[in-house]
Amino acid sequence: MSYTINVVRKNGTGTLTFKSGSVNISETCWWDQDVVIDAGSYTGYATRMANKTDGTDGGNREAIWLGLNVPYNGDGNTANGFFIHKGTSASWSDGCIVMPGAKVYQMWSEITPKESGNITVNITDETVERGRPQDWDCARQMHSLWGGMPAFD
């Protein structure tokens, strides 16, 4: 089975969404503003972090690994240690995407098999789109046909 995680970033926080079966997550997420994963699509793996031993079952921390050579900061650098994992603010991140632990665990538990590249992680940056400006109302800026300025109340 394949899964999709979407992260939309804006102004220092973002929204992570995931839907599979009865699990439907839309949750605030954070990341370190000095180490920002480049927008794009990545192959993710439901796994456990080797260096964190605070998992919900007393084992290593549950997480989604984003794979090898993930670009960051838009300058050509890559890293192999970016995850989506539990955290309560950007201070939990060193480039990783963090969100409340219960939601990470719920998502992680739904994904099977583990340790398989069966997740597409889409990271995008929200852009502001504005509609077309209103047409200039020439009639309100011209003298009336009767020689005077129209009265606008």
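Our subject is the structure listed above.
The present account deals with the structure reproduced in this document. All residue numbers here refer to positions counted from 1 along the written sequence of the relevant chain. With the structure being a predicted model, the display of local features is reserved for residues of pLDDT at least 70 and the display and counting of side-chain atom pairs for 80 or more, all residues being used for whole-chain, interface and lining totals. Only hydrogens and water are removed before side-chain values are computed, so all heavy atoms of the structure are retained for them.

1. So, the pattern of salt bridges
Our working definition: Think of a salt bridge as a Lys or Arg side-chain nitrogen and an Asp or Glu carboxyl oxygen that are within 4 Å of each other. Secondary structure is summarised from DSSP: a helix means a run of H or I of at least four residues, a strand means a run of E of at least two, and numbering begins at the N terminus for each. Summary of the burial criterion: residues with accessible area below 20% of their type's maximum are buried, those above 50% are exposed, and those between are partly exposed, where the area comes from a 1.4 Å probe applied to protein chains only.
In the structure shown here, the tally under the stated rule is 5 salt bridges. Across the pair Arg9 and Asp125 runs a salt bridge, and its minimum N-O distance is 2.7 Å. Linking Arg9 in strand 1 (residues 3-10) with Asp125 in strand 10 (residues 119-125), this pair joins segments that are 116 residues apart in sequence. Assessed through its relative accessible area of 5%, Arg9 is described here as buried. Put simply, Arg48 and Asp57 hold a salt bridge, and the shortest N to O gap is 2.9 Å. Judged by relative accessible area, which is 52%, Asp57 ranks as exposed. A single salt-bridge network, built from bridges that share partners, covers Arg48, Asp57 and Glu62.

2. Describing the environment of Pro100
Note the following rule: Every residue pair with non-hydrogen atoms within 4.5 Å of one another is taken to be in contact.
Positionally, Pro100 belongs in the loop between strand 9 (97-99) and helix 1 (101-110). For Pro100, a relative accessible area of 27% corresponds to the partly exposed category. When the C-alpha positions of Pro100 and Trp30 are compared, they lie 9.8 Å apart, and in sequence the two are 70 residues distant. In contact with Pro100, not counting residues within four places along its chain, are Glu27, Thr28, Trp30 and Gly87.

3. Re the side chain of Glu27
Using the following cut-off: By the counting rule applied here, Lys and Arg register as positive and Asp and Glu as negative, while His and the ends of each chain are not counted.
If you trace the backbone, Glu27 turns up in strand 3 (residues 23-31). Here Glu27 occupies a buried position and makes no salt bridge, while the nearest side chain of opposite charge, Lys103, is found at 4.4 Å. Apart from residues lying up to four places away in sequence, Glu27 is in contact with Gly14, Thr15, Leu16, Met99, Pro100 and Lys103.

4. Some words on the packing of aromatic side chains
Using the following cut-off: Two rings from Phe, Tyr or Trp (for Trp, the six-membered ring) form a pair when their centres sit within 6.5 Å of each other. Planes less than 30 degrees apart are called stacked, planes more than 60 degrees apart edge-to-face, and all others tilted. Charge-over-ring contacts are defined here by two conditions on Lys NZ or Arg CZ: a distance within 6 Å of the ring centre and an angle within 35 degrees of the ring normal.
Scanning the entire structure with this criterion turns up 4 aromatic pairs. Of note, Lys114 hangs over the ring of Trp108, and the distance from its end group to the ring centre comes to 4.5 Å.

5. Re the sheet that holds strand 5 (residues 62-65)
Whether parallel or antiparallel, the strands of a sheet pair through hydrogen bonds between backbone atoms. Basically, it comes down to this: Strands were regarded as paired on the criterion that DSSP finds at least two bridges between them. Where helices are involved, their axes are fitted lines through C-alpha atoms of the stretch in contact, as for all axes, and angles between N-to-C directions lie from 0 to 180°.
Read around the barrel, 8 strands follow the order 1-2-3-9-8-5-4-10 and close on themselves; strand pairing throughout is mixed. The sheet shows a mean angle of 30 degrees between the axes of neighbouring strands, taken without regard to direction. As judged from the 3 bridges shared by strand 5 and strand 8 (residues 83-86), these two strands associate in the antiparallel manner. Within the sheet, the bridge partner assigned to Trp65 lies in strand 8 and is Phe83.

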